[in-house]
Amino acid sequence: MSEHEETSIDSDEGPRGLGGGLRLETGDFGTIAVRNGLLKREELEKCLKIQMDFEAKGRRLTLEQVIDEEELMTSLEIKAVRKARERFLREKARTEGIKITGYEILSTLGEGGLGIVYKARQISMNRLVALKVLHGHWVTDDEFRKRFILEARIVGKLSHQNLIQVYDVGKENGYYYFAMEYVPGRTVDELIEDTGPLSVPECVNIIIQMVRAIRYYKEFEIVHRDIKPSNIIVTRQSIAKLGDFGFVKSKLDKELGYEGMVLGTPDYISPEQAMGDENLDWRSDIYSLGATFYNMTTGVPPFEGSGSTVMLKHVKEQIASPKLINPRLSDDVCYLIEKMMAKRPEDRYPTLELLFEDLELLRAGRSTRAPRLEVGKSSIFRAFKIEQARLASITEDKRRAEEELKKIKNRTEFLTKLLFILGAISTVLLFLLILALFDVI
């Protein structure tokens, strides 16, 4: 899970020591200011001593008042630190009541329909984790409790670079929880909110990684059913990871009584999913990924309106071309998105391999020769591959010919030297034979 920060000031680190034997608890104004480089430790120590001197004289000043009087921070910096401290106190009040053996809860990362996700430290492994805890009001609800445990059970069996890994699942003090990989990064939703539409190379890189994830869990007969920008986290190394399997479709749906239920997020839901189709497959996730691709390239979801209105539009209406919103997009990018978002599953990509091929074409910039290249046709990619193979074959033949010429040259040089040596030996032997004949005479 990613950590969403409200400001650029951090406030969630543990206690730290300061010079002169002073020690402040996490969330103190001075600790936050020092952590973020707004105040030097020596300056903080000085201000704390000034504060104690004033207290001895019967005058009580807050630390931020002393810092302000000493003009060590600007008013904007003081305001930012104050805001970070308020956030810390809110988080502290929110997490104080939750105690799970083996975990130290640090802060809140996010909240979904089923539960709250906390940033925590797994004490035994000394590692940061994202700890998902089922909402208290769902604990007594058999349906949601089962779905929460189902998510943990299913994702716990999966292990892939582009999926968030689950480490542990359990129940304690009335809380149902599971611990998963903590991913420091930003969700695609946050990236779009910060910068607007993402560049096509960035989009294609993320989409390719999501297709890899779909190809992996497809083998387990799983459909995610909730692929969307806020469920994709991108690390600083540009690795994209898919999380939140709360609406996952598996072979256990019939057992849990979920057949026919409409689950998912309206903005990215496939037409068949919106209609409650019980026979969803990986192509439903491709539609949702296409809708995510649409949002990434345009900055807005494919349709607008209330939840029910948007779901109906996914079923009935054709999407507006992404190019109408972002004119810089090529026809090839638009066509690929439209194909991923075809209303009928059979009109989408028939295999993930063909989708991979077309995405690779876009990434390689090889599909811009025609005004409207049919990127859904695998023949284009195959022709490209054949040409690559032909060039590689020519290069290999040339390399082999050069190696053969080198071998012939080496053999020729060796034979020349050998003949020279043999000639010299023959000359010496002939000379010795002549001397021997003279001695006989």
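Everything quoted here is computed from the prediction, not taken from an experiment.

Caption draft 1: Region of the structure containing the nonpolar core. The biggest cluster of nonpolar side chains holds 50 residues, and the ones touching the most others in it are Ile206, Phe293, Met340 and Leu359. When contributions to this core are tallied by element, the ones reaching two or more residues are α5 (142-156), α6 (188-195), α7 (200-218), β9 (232-235), β10 (240-242), α10 (282-298), α13 (331-340) and α14 (352-364). It is α7 that contributes the most residues to this core, 10 residues altogether. Membership of the second largest hydrophobic core comes to 17 residues, among which are Ile32, Met73, Ile78 and Val81.

Caption draft 2: The pattern of salt bridges, seen in detail. Under the criterion given, the structure shown has 15 salt bridges. Within this structure, Arg186, Glu190 and Asp194 form a network of salt bridges that share partners.

Caption draft 3: Representation of the packing of aromatic side chains in the model. What the rule picks out here adds up to 2 aromatic pairs. Relative to Tyr177, the ring of Tyr103 lies with its centre 5.9 Å away and its plane at 70 degrees, an arrangement referred to as edge-to-face. Taken together, the residues Tyr103 in strand β3 (residues 103-111) and Tyr177 in strand β7 (residues 175-181) connect sequence positions 74 residues apart. Tyr177 matches Tyr103 in its accessibility class, with the two residues each being buried. With a centroid separation of 5.3 Å and an interplanar angle of 55 degrees, the aromatic rings of Tyr216 and Phe220 are classed as tilted. Of the residues examined, Tyr216 reaches a relative accessible area of 21% and is grouped as partly exposed. Judged by relative accessible area, Phe220 falls into the partly exposed class, the value being 36%. Arg59 extends its terminal NZ or CZ atom over the ring of Phe54, reaching a point 4.8 Å from the ring centre. When the ring centre of Tyr349 is taken as reference, the NZ or CZ atom of Lys339 above it lies at 5.6 Å.

Caption draft 4: Expanded view of α6. Within α6 the residues assigned to the buried category are Val188, Glu190, Leu191 and Ile192. The inward-facing, buried residues of α6 abut β8 (185-187), α7, β9 and α10. In the segment just after α6, Gly196 is the residue with positive phi, at about 80 degrees.

Caption draft 5: Representation of the sheet that holds strand β6 (residues 166-172). A sheet is described by the order of its strands in space; here 5 strands give the open sequence β3-β4-β5-β7-β6, paired in antiparallel fashion. The sheet terminates laterally at β3 and β6, the two strands that pair on one side only. Ignoring strand direction, the axes of neighbouring strands in this sheet form an average angle of 25 degrees. One ladder, built from 5 bridges, connects strand β5 (residues 127-134) with β7; its direction is antiparallel.

Caption draft 6: Focus on the environment of Phe54. Within the fold, Phe54 resides in helix α2 (residues 41-56). Distance from Phe54 to Val66, taken between C-alpha atoms, is 9.8 Å for residues 12 residues apart in sequence.

Caption draft 7: Quick peek at unusual backbone geometry. In this structure, Glu71 takes a positive phi of about 55 degrees despite not being glycine. Tracing the backbone shows Glu71 in the loop between α3 (63-69) and α4 (75-95). If you check the backbone angles, Glu221 has positive phi at about 60 degrees while not being a glycine. Checked against the element boundaries, Glu221 lands in the loop between α7 and β9. What makes Glu221 exposed here is its relative accessible area of 53%.

What counts, and at which threshold
- Residues numbered from 1 in each chain as written.
- Predicted model: local features only at pLDDT ≥ 70, side-chain atom pairs only at ≥ 80, totals over all residues.
- Heavy atoms only, no water.
- Core = buried A, V, L, I, M, F, W, Y, C linked by side-chain atoms within 4.5 Å.
- Buried < 20%, exposed > 50% of the residue type's maximum accessible area, 1.4 Å probe, protein only.
- Helix = DSSP H or I, 4+ residues; strand = E, 2+ residues; numbered from the N terminus.
- Salt bridge = Lys/Arg side-chain N within 4 Å of Asp/Glu carboxyl O.
- Phe/Tyr/Trp six-rings, centres within 6.5 Å; stacked < 30°, edge-to-face > 60°.
- Lys NZ or Arg CZ within 6 Å of the ring centre and 35° of its normal.
- Contact = heavy atoms within 4.5 Å.
- Pairing = 2+ DSSP bridges.
- Axes fitted to C-alpha atoms, helices over the stretch in contact; angles between N-to-C directions.

In short, shape yes, function no, at least from these values alone.
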